[in-house]
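Analysis of the macromolecular model
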Amino acid sequence: MSLQIQMSSANPASLEVDVLAVCVTEGALGKDKLLGALDGALGGALTSLAAQTDFHGGSEQTLDLLTLGRLPARRVLLLGAGSRRGLDDARVRTLAASAARAANGFNAKTLGLVLSEKTSGASLRAVAEGLVLGEYRFTKYFTGERVPKAELGQAMVFKTGGRPSASEKKAIDLGKQVAQAVCHARDAVNEPPNELTPEALAGLATQAAKKYRFRVTVLDKKGIARAGMKLHYAVGQGSTNEPRFIHMTYAPRAAKKKIVFVGKGLTFDSGGLCIKPAAGMGEMKSDMGGAAAVLGTMMAVGAVRPNVEVHGIIGAAENMPDGAAYRPGDIFGSLDGKSVEIINTDAEGRLVLADALAYATKLEPDVIVDAATLTGACVVALGKTYSAFYTGEEQLARQVDRAAKEAGENLWRMPLIEELREQLKSDVADLKHMGERWGGSITAALFLREFVGKVPWIHCDIAGPALSDRARGVTPKGGTGHPVLTFLRFVENAV
Ligand code: BES
Ligand code: MN
Ligand code: ZN
């Protein structure tokens with residue numbers, strides 16, 4: 001069942017909910033009328049507990065208290081919102097998510113949410129996005145005791161003034177749908193690799209195409225061979241779970257812009273013959289994080305239906321060691337025509353992407369944007385919470401920065417350092433697919449650039465943020481859905 005979100009202009013203090021969450025900007029405790037009323041009903045417990053725990057409304061601070069019958073709400077939760085000035089959509093989204101996640105933790109079925117600012121149409125969408133993103137849990141494989149005791153079914157968002165307008169209701173509904181698209185991306189990442197095979201990933205795209213009204217075509221192993229995607233084929237040839245190439249199309253009639261998203265869809269990356277060490281290998285179920293982001297973006301685009309032509313392309317495969325697996329020393333052609341010498345079978349993502357990017361250029365788009373859990377080197381460079389993005393075009397870089405800021409996601413531009421390009425020279429083929437260890441995220445980007453021709457292009461190495469080791473803000477532990485929200489903003493800003 002999906003979360004119901006309603007608006008109310010009643011007095012929040014009178015509401016019978018499991019959790020009443022109130023956002024508190026820096027210093028508002030002691031000044032705000034509602035907080036004063038709640039504190040009064042609780043015999044001063046809020047202010048004294050705040051003093052004891054040094055709660056002053058700083059961002060990420062929380063304070064919670066059982067009301068023990070002194071208020072109709074069972075529990076009051078104060079959420080620090082930081083300085084009043086910076087309460088933009090990204091922070092509103094985070095606050096709503098924190099409220100919903102906390103409500104889950106308290107086994108709450110109902111939540112009241114009071115934001116300290118007046119809420120415009122745009123920020124109501126952000127509130128709804130945050131609530132659904134924060135409420136998310138991946139519980140599909142739990143049985144018995146592990147099944148959650150309660151599910152958050154209803155959230156009341158307080159707003160001053162009269163009844164909610166039609167546009168406000170629409171903003172909330174849109175926010176819900178966008179967040180659900182992100183949650184589908186998270187689900188896909190969290191699914192175990194025995195279940196989410198390339199074929200199953202194509203199945204998700206086919207289902208999504210029906211539900212969100214866009215077109216999809218899928219190529220199987222033979223189709224990939226026939227199309228000439230020799231690099232994609234090579235990566236998939238060692239697995240009994242055969243590769244798939246997925247092309248989703250959303251094409252409104254009057255669109256003037258065309259954007260193609262391309263995602264790395266390694267449903268599992270064992271490293272192949274250059275096998276990875278056992279420790280942490282299971283995390284490589286998330287090596288389809290780029291594909292999940294592209295799928296989620298297509299769903300969100302299908303919900304928002306902007307006047308932009310959007311394509312979503314996924315190269316799906318499983319990288320396994322086998323008698324039929326590709327090997328170091330192999331040379332393959334590619335869809336683009338260039339030949340590639342294989343150095344290390346664990347640098348497989350860029351091979352799948354090379355063919356997918358070459359395919360994307362044939363659509364003659366205004367811009368290609370790819371997302372891939374491409375390199376460990378990127379995680380070394382920027383840590384787990386930032387993705388790298390690369391582009392040769394200043395204007396595109398500004399557009400990504402803006403979209404990421406609005407989305408509340410972390411993407412940091414990295415340079416395409418030309419002098420590293422020579423590391424990709426091969427003695428026996430047109431290109432090697434990798435260079436030295438140092439600057440590994442950059443040489444991977446430079447390799448991809450060989451396959452985009454003259455089309456403006458943005459590459460996102462999302463190896464860090466695709467999977468999170470803890471819950472924070474809108475992000476749960478596990479699959480995150482990063483950077484669906486940024487990609488959606490990028491599309492919406494293009495109109
Ligand atoms: N999928 C991995 C990159 C990765 C590593 C993603 C850690 C998320 C967390 C990729 O296919 C890979 O194995 N890359 C190699 C490249 C190397 C062999 C040039 C790497 O980063 O070690
Ligand atoms: Mn790999
Ligand atoms: Zn990989």
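Just above sits the structure.
To start, this report covers the structure provided alongside it. Everything quoted here is computed from the prediction, not taken from an experiment. (Residues numbered from 1 in each chain as written. Chains lettered and ligands numbered in written order. Predicted model: local features only at pLDDT ≥ 70, side-chain atom pairs only at ≥ 80, totals over all residues. Heavy atoms only, no water.)

For the rest of this paragraph, the subject is the overall build of the protein. Scanning the protein from N- to C-terminus turns up 14 helices and 19 strands. The C-alpha atoms of the protein give 24 Å as radius of gyration, which agrees with the globular expectation for 495 residues (23 Å, within 12%). Among the 495 residues that make up the protein, the fraction classed as buried is 57%. Taking all contacts inside the protein whose residues are at least 6 apart in sequence as the whole, residues at least 24 apart take part in 76%. Of the roughly 20900 Å² of accessible surface on the protein, 50% is carried by carbon and sulfur atoms. (Helix = DSSP H or I, 4+ residues; strand = E, 2+ residues; numbered from the N terminus. Rg over C-alpha atoms; globule rule 2.2 N^0.38 Å. Buried < 20%, exposed > 50% of the residue type's maximum accessible area, 1.4 Å probe, protein only. Contact = heavy atoms within 4.5 Å. Areas by Shrake-Rupley, 256 points an atom, 1.4 Å probe, with all protein chains shown as cover.)

Only Lys264 (NZ), Asp269 (OD), Asp287 (OD) and Glu348 (OE) from the protein coordinate the zinc ion (ligand 3), and they sit 2.0 to 2.4 Å from it. For the zinc ion (ligand 3), the 6 donor atoms in the first shell make angles of 78 to 175 degrees at the metal, a pattern classed as octahedral. For the pair the zinc ion (ligand 3) and the manganese ion (ligand 2), the metal-to-metal distance amounts to 3.1 Å, and aspartate 269 bridges them. Taken together, the residues span a long stretch of sequence, with aspartate 269 in strand S9 (residues 258-269) and aspartate 287 in the loop between S9 and helix H9 (289-304) at a distance of 18 residues. (Donors = N, O, S within 2.8 Å, 3.2 Å for Na, K, Ca; no water. Tetrahedral: all angles 85-135°; square planar, octahedral: opposite > 155°, others 65-115°.)

End to end, helix H12 (residues 394-407) covers 20 Å across 14 residues, agreeing with the expected 20 Å (1.5 Å per residue, within 8%). Taken together, the buried positions of H12 are Leu396, Ala397, Val400, Ala403, Ala404 and Ala407. For H12, the angular spread of the buried residues around the axis is 130 degrees, confining them to a single face. Those residues of H12 that are exposed and aimed more than 90 degrees away from the buried face are Gln395, Arg398 and Lys405. Where H12 is buried, its residues contact helix H3 (89-105), strand S13 (367-372), strand S14 (387-391), strand S15 (411-413), strand S17 (457-461) and helix H14 (484-494). Positive phi shows up at glycine 408, right after H12, with a value of about 70 degrees. (Expected span 1.5 Å × (residues − 1). Arc of directions from axis to C-beta.)

Contacts to ligand 1 come from 15 residues, most closely from Lys276, Asp287, Asp346, Glu348 and Gly376. Take aspartate 269: an N or O atom from its side chain is 2.9 Å from an oxygen atom of ligand 1. Threonine 373 is positioned with one of its backbone polar atoms (N or O) 3.3 Å from a nitrogen atom of ligand 1. A total of 520 Å² of accessible area belongs to ligand 1 in isolation, and the protein chains cover 76% of it. Class assignment for the residues of the shell around ligand 1 results in 4 nonpolar, 4 polar and 7 charged. (Near = heavy atom within 4 Å. Polar contact = N/O pair within 3.5 Å; in protein donor to acceptor, adjacent residues only side chain to side chain. Nonpolar A, V, L, I, M, F, W, Y, C, P; charged D, E, K, R; others polar.)

For tyrosine 250, the position within the fold is in strand S8 (residues 244-250). Here the alpha-carbon distance between tyrosine 250 and leucine 353, two residues 103 residues apart in the chain, equals 21 Å. Apart from the residues within four sequence positions on either side, tyrosine 250 is in contact with Arg213, Phe214, Met298, Val301, Arg305, Pro306, Val308, Glu309 and Val310. A distance of 3.3 Å separates a polar side-chain atom of tyrosine 250 from the backbone oxygen of arginine 305.

It is worth spelling out the coordination of the manganese ion (ligand 2) at this point. Around a metal, the perfect tetrahedron of four donors has angles of 109.5 degrees, and the perfect octahedron of six donors has angles of 90 or 180 degrees. Coordination sphere of the manganese ion (ligand 2), protein contribution only: Asp269 (OD), Asp346 (O), Asp346 (OD) and Glu348 (OE), at 2.1 to 2.2 Å. Here the manganese ion (ligand 2) binds 6 donor atoms, and the angle range of 71 to 168 degrees at the metal identifies the geometry as irregular. Of note, the donors binding the manganese ion (ligand 2) are all from one chain and are spaced D-x76-D-x1-E. Judged by relative accessible area, which is 23%, aspartate 346 ranks as partly exposed.

In a beta sheet, neighbouring strands are held together by backbone hydrogen bonds and run either parallel or antiparallel to one another. Within the open sheet, the 8 strands sit side by side as S7-S8-S10-S9-S13-S17-S14-S15. Their pairing is mixed. Looking at which strands have only one partner, the edges of the open sheet turn out to be strand S7 (215-219) and S15. Direction aside, neighbouring strands of the sheet carry axes that sit 20 degrees apart on average. In this structure, S7 lies alongside S8, joined through 5 bridges in antiparallel fashion. When the sheet's bridge partners are listed, valine 218 is paired in S8 with isoleucine 246. (Pairing = 2+ DSSP bridges. Axes fitted to C-alpha atoms, helices over the stretch in contact; angles between N-to-C directions.)

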